[in-house]
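Examination of the molecular architecture
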Amino acid sequence: QEDLVESGGGLVQAGGSLRLSCAVSPRTFIMHAMGWFRQVPGKEREFAAAISYTGDIPHYADSVKGRFTISRDNAKRMVFLQRDSRNPEDTGGYYCAGTGRRGLPSAQLKSYEYWGRGTQVTVAS
């Protein structure tokens, strides 16, 4: 069983909305900061958004600021990424990440020790 499981990917129209979900396994201990990263073929995985354990400190990459919203529901052990955008460059694999270490949400891949397998988002141009 995976520690993190993403869902909600698929084909979306350029001006459409999309909500990605990440479920934290019941067997996984507490997740503090959690984040979303995305990757396109031939490029490195890049930071999109992250959020503190309490949900009151979001952190966004400049490329998605104003277009993506990250949120979490600790009672349901879920993290979400809402996209409201017309940008077809949002196409890619989206990966959920989490850390059991206390701290502020980070844009660094090395800050997270838990990863999901990803969900593909394809934005039609």
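To be clear, the structure that these remarks concern was listed above.
Within every chain, residues take consecutive numbers counted from 1 along the sequence as written. Totals for whole chains, interfaces and linings use all residues, but because this is a predicted model, local features are given only for residues with pLDDT of at least 70 and pairs of side-chain atoms are given and counted only at 80 or more. Note that water and hydrogens are dropped before the side-chain values are worked out from all heavy atoms of the structure.

Strands were regarded as paired on the criterion that DSSP finds at least two bridges between them. Under the DSSP-based scheme used, a helix requires at least four consecutive residues in state H or I and a strand at least two consecutive residues in state E, with every element numbered from the N terminus. Overall, antiparallel pairing links the 4 strands, which are arranged 1-3-8-7 in an open sheet. Bordering the open sheet on either side are strand 1 (4–7) and strand 7 (68–73), each of which pairs with just one other strand. Pairwise comparison of adjacent strand axes, ignoring direction, gives a mean angle of 15° for this sheet. The pairing of strand 3 (residues 17–24) with strand 8 (residues 78–84) spans 7 bridges and is antiparallel. Residue pairing in the sheet places alanine 23 in a bridge with methionine 78 of strand 8. Axes, fitted as lines to C-alpha atoms, cover a helix only where it is in contact. Angles between the N-to-C directions of the axes lie from 0 to 180 degrees.

Note on exposure labels: buried denotes an accessible area under 20% of the residue type's maximum, exposed denotes more than 50%, and partly exposed covers the range between, all computed with a 1.4 Å probe on protein chains only. Counting buried positions over the 6 residues of strand 4 (residues 34–39) gives 5, a clear majority of the element. Hairpin connection of strand 4 to strand 5 (residues 46–51): 6 residues between the antiparallel strands, including glycine 42 at a positive phi of 85°. Note: strand 4 against strand 9 (residues 92–98), 6 bridges, orientation antiparallel. Across the sheet, tryptophan 36 pairs through a bridge with cysteine 96, a residue of strand 9.

What follows deals with the packing of aromatic side chains. The aromatic pairing rule takes the rings of Phe, Tyr and Trp, using the six-membered ring of Trp, and pairs them if the centres are within 6.5 Å, calling planes under 30 degrees apart stacked, those over 60 edge-to-face and the rest tilted. What the rule picks out here adds up to 5 aromatic pairs. Their ring planes at 70° and their centres at 5.6 Å tell us that phenylalanine 37 and phenylalanine 47 sit as a pair that is edge-to-face. Taken together, the positions of phenylalanine 37 in strand 4 and phenylalanine 47 in strand 5 put the pair 10 residues apart, joining distant regions of the chain. Of the residues examined, phenylalanine 37 reaches a relative accessible area of 0% and is grouped as buried.

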